[in-house]
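Structure at a glance
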Amino acid sequence: MTFTRRNLLATTMAAPLALSMPIARAQKRAEFKLKFANNLPDTHPMNVRAKEMSAAIAAETQGRVDLQVFPNNQLGSDTDMLSQVRSGGVEFFTLSGLILSTLVPAAAISGIGFAFHDYDTVWKALDGDLGAFVRREIAKANLVAMEKIWDNGFRQITSSNKPIQSPDDLKGFKIRVPVSPLWTSMFKAFGAAPASINFGEVYSALQTKVVDGQENPLSLVATAKLNEVQKYCSLTNHMWDGFWFLANKRAWERLPEDIRAIVAKHINQAGMKERGDIEALNATVQKDLSGKGMVFAQTNPDAFRAKLRDAGFYTEWKNKFGAEAWATLERYTGKLA
Ligand code: X2X
C-alpha cells in the first residue's frame, strides 16, 4: 500500500470518528437513566465518590445504566428533594437521618446529643442492629435505604460574633439548625434560639446575619467555605450525623435484579470510601481553616451533656423513640438516660 495524500487524509480523518463512536453509542444505549440529588458542594467527598461510582456502574453494566449526579441543591432544598425521591422525580437522594425524621421519626435516633464518642462505635451501631432498625422503618415509608450510611461527621459549632466555650454561651444564641425536630429540641434545651433553615440557604443566612452561628462537621465548613462568613469554631462534637442513601422504591424495583445488585454494590463501596475520605479530612482540615483565620476553641463535653440532661432532653427523646429503640441505641453507646 502506498500512502498517497488522499488515503492518508482518509485514515487520519476517520480515526477521531471511530474513537468517538463507542461513547456515542453507549450514551444512546443507556436503558436506565437514574438521577442522584444531594445538598453538598461539588468538592465534598460525597460528590467526588459519587461521580467515580457512576463511572464504575456505567462500566460494569456496559453503559446500560447512566447515573447522573446533581450536587449542591441543584434540584432544590432538602425538603424539595425529599418530595422528589418520594414521587420518583429523582431516583436517589442522600439525607441526614435527622431531617428524614420529618417522615420517618425513628431515623433521628442516631443523632442524639453526645451519644457517640468515636467512629468505631458509630459504624458498629449503624452497620449493625441500630442501622437495620432504622432501615426497616424507612422501608415502611416506601423508600429503600442502601445498606451503608454515608458519613457527614461529628458536628462542631461556628459563630460570627463570639466563641462558644460553655453551654451558657449558647443562651439566646441565634443558630441555624437543619429542618428537624430533634435539632430544634436540642438547641432549645441549651437555651439557644434555633432557626430551621435548609442547607442551601445557610451561607447567605450567615452572611446577612439572619443567624449568628451554625453547626456542621469541619469537612463541610471547609468545602462549603462557611469560614468566609464565620470567625469562631468550637470543637463540641455534639452529635454524629450521616446520610442515608435513599432510593425511590418503585424505581428501584423496576431495575432488573442483576442491575440492582451492581448498582447497590457500587453505591455501598463508594459510601465506604467516602467514610475514609472524611476521616482523613478530619486530620488536616482544622489546620487549613486556622490558616484562613478561623479561631478554634476546645470545649468540655461533660458540661454540655449535663445541660441537656438537666433540661430533660434525654428523657423526652427516650419516651419519643420508645424503650426498645432506645435500648438498641444504648447497647452501642452505653447508658444515656
Ligand atoms: O444541613 C446540614 O447542615 C447538613 C449539610 O449537614 C445536612 O445535610 C444535615
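The rules behind each value
- Residues numbered from 1 in each chain as written.
- Predicted model: local features only at pLDDT ≥ 70, side-chain atom pairs only at ≥ 80, totals over all residues.
- Heavy atoms only, no water.
- Salt bridge = Lys/Arg side-chain N within 4 Å of Asp/Glu carboxyl O.
- Helix = DSSP H or I, 4+ residues; strand = E, 2+ residues; numbered from the N terminus.
- Buried < 20%, exposed > 50% of the residue type's maximum accessible area, 1.4 Å probe, protein only.
- Pairing = 2+ DSSP bridges.
- Axes fitted to C-alpha atoms, helices over the stretch in contact; angles between N-to-C directions.
- Near = heavy atom within 4 Å.
- Polar contact = N/O pair within 3.5 Å; in protein donor to acceptor, adjacent residues only side chain to side chain.
- 1 Å grid on protein atoms, 1.4 Å probe; cavity = no way out; pocket = protein on both sides within 12 Å on 5 of 7 lines; lining within 4 Å.
- Sits in = over half its atoms within 2 Å of the grid points.
- Nonpolar A, V, L, I, M, F, W, Y, C, P; charged D, E, K, R; others polar.
- Points joined across faces, edges and corners; volume = space filled by probe spheres on them.
- Contact = heavy atoms within 4.5 Å.
- Phe/Tyr/Trp six-rings, centres within 6.5 Å; stacked < 30°, edge-to-face > 60°.
- Lys NZ or Arg CZ within 6 Å of the ring centre and 35° of its normal.

1. Considerations on the pattern of salt bridges
Side chains that differ in charge, positive against negative, can pair when their charged atoms come close. Enumeration over the complete set of coordinates arrives at 17 salt bridges. Arg275 serves as the salt-bridge partner of Asp127, at 2.9 Å between the closest nitrogen and oxygen. Of this pair, Asp127 sits in the loop between helix H5 (119-126) and helix H6 (129-140) while Arg275 is found in helix H11 (residues 257-291), placing the two residues 148 residues apart along the sequence. For Asp127, a relative accessible area of 35% corresponds to the partly exposed category. With a shortest N-O distance of 4.0 Å, Lys249 and Glu253 are connected by a salt bridge. Highlighted residues: Lys249 and Glu253, both in helix H10 (residues 249-254), separated by four residues, approximately one helical turn. Judged by its relative accessible area of 29%, Lys249 is partly exposed. Using a relative accessible area of 47% as the deciding quantity, one classes Glu253 as partly exposed. The network of salt bridges with common partners includes Arg49, Glu52 and Asp277.

2. Structural notes on the sheet that holds strand S7 (residues 174-177)
Across the sheet, which stays open at both edges, the six strands sit in the order S8-S7-S9-S6-S10-S12 with mixed pairing between neighbours. A strand with exactly one partner marks an edge of an open sheet, and here the two such strands are strand S8 (193-196) and strand S12 (295-298). Neighbour-to-neighbour, the strand axes of this sheet turn through a mean angle of 30 degrees, independent of strand direction. Across two bridges, S7 lies against strand S9 (residues 213-216) in parallel orientation. Along S9, the bridge assignment pairs Ile175 with Gly213.

3. Quick word on the site of the ligand
Close contacts around the ligand come from 13 residues, with Asn39, Asn152, Arg155, Arg176 and Asn216 the closest. Asn152 has a polar side-chain atom sitting 2.9 Å from an oxygen atom of the ligand. With respect to the pocket detection grid, the ligand is positioned in the largest cavity. Along the lines of polarity and charge, the residues of the shell around the ligand split into six nonpolar, four polar and three charged.

4. Re empty space enclosed by the protein
Summed over all chains, the structure comprises one cavity of 30 Å³ or more. Contributing to the lining of the largest cavity are 17 residues, with Asn39, Asp78, Ile99, Asn152 and Arg155 lying nearest its centre. In terms of residue count, the dominant contributor to the lining of the largest cavity is strand S3 (residues 92-96) (three residues).

5. Regarding helix H14 (residues 323-333)
Quick reminder: α-helices carry 3.6 residues per turn. Residues three or four places apart thus point the same way. Burial in H14 covers these residues: Ala325, Trp326, Thr328, Leu329, Glu330 and Thr333. The inward-facing, buried residues of H14 contact H6 and helix H13 (313-321). Of the residues trailing H14, Gly334 is marked for its positive phi of about 85 degrees.

6. Quick look at the packing of aromatic side chains
One pair of aromatic rings is described through two measures. These are the centre distance and the angle between the planes. Applying the stated criterion to the full structure yields 13 aromatic pairs. Aromatic side chains Phe36 and Phe245 sit 4.6 Å apart centroid to centroid with 35 degrees between the ring planes, which places their arrangement in the tilted category. On the criterion of sequence distance, the pair formed by Phe36 in strand S1 (residues 32-37) and Phe245 in strand S11 (residues 240-248) is long-range, its members being 209 residues apart. Both rings, one in Phe190 and one in Phe304, keep their centres 5.8 Å apart while their planes meet at 80 degrees; by these two values the pair is edge-to-face. Taken together, the positions of Phe190 in the loop between helix H7 (181-189) and S8 and Phe304 in helix H12 (residues 301-310) put the pair 114 residues apart, joining distant regions of the chain. Across the pair, exposure class does not vary: Phe190 and Phe304 are buried alike. In this arrangement the basic side chain of Arg275 is found over the ring face of Trp123, its NZ or CZ atom lying 3.8 Å from the centre.

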